[in-house]
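Chains, contacts and geometry: an overview
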Amino acid sequence: MVPAGQRQPAPNRSLFTLPGGKSYRTSTPLSDPTAKMTSIPITMQNFALTWTDSTGKARASSVAYDKGSANSRKTELEADGHTDVKVVPIMPGKLPQP
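Since the structure is predicted, the reported quantities are computational estimates derived from the model, not experimental observations. (Residues numbered from 1 in each chain as written. Predicted model: local features only at pLDDT ≥ 70, side-chain atom pairs only at ≥ 80, totals over all residues. Heavy atoms only, no water.)

Some points on the confidence of the model for the protein chain
Inclusion rule: pLDDT is a residue-level measure of predictor confidence that goes from 0 to 100. Numbered from the N terminus, helices here are DSSP runs of H or I no shorter than four residues, and strands are runs of E no shorter than two.
Scored by pLDDT, the protein chain has a mean of 78; 60% of the residues are at 70 or more. Predicted confidence in the protein chain is weakest over strand 1 (residues 14-17), with a mean pLDDT of 60, and strongest over strand 5 (residues 58-60), with 96.

With respect to the sheet that holds strand 4 (residues 46-52)
How we decide: Any two strands with at least two DSSP bridges between them are considered paired. Between the N-to-C directions of two axes lies an angle of 0 to 180 degrees, each axis being a line fitted to C-alpha atoms and, for a helix, fitted only over the stretch in contact.
Taken together, 3 strands build an open sheet; the order of strands is 5-4-6 and the sheet is antiparallel. Looking along the sheet, the strands with just one partner apiece sit at the ends: strand 5 and strand 6 (83-90). Across this sheet, the average inter-strand angle for adjacent strands is 20°, counted without regard to direction. Of the pairings in the sheet, the one linking strand 4 to strand 6 comprises 6 bridges and is antiparallel in character. Bridged to N46 within strand 6 is I90.

Set out below in structure tokens:
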């Protein structure tokens, strides 16, 4: 059973992550000791937000988001009356300047 909010992995495929954050998908389950691993790198992209609050002060998010979550947060900030809201790509471990 897959926990709520998580996707069922593709059949006969496994995903693993190496130190440093690179993820790889194999064509056979990792539990098969005779399997030959053919890895395909998966590139992760992080996003942050910058905006101007209602007092005119420039702000920046203190967390990184995936693209969908960043867009959802952008909608929330705009609904709260903030202006110049931008979703910006960032490197892992880095945050934008306001």
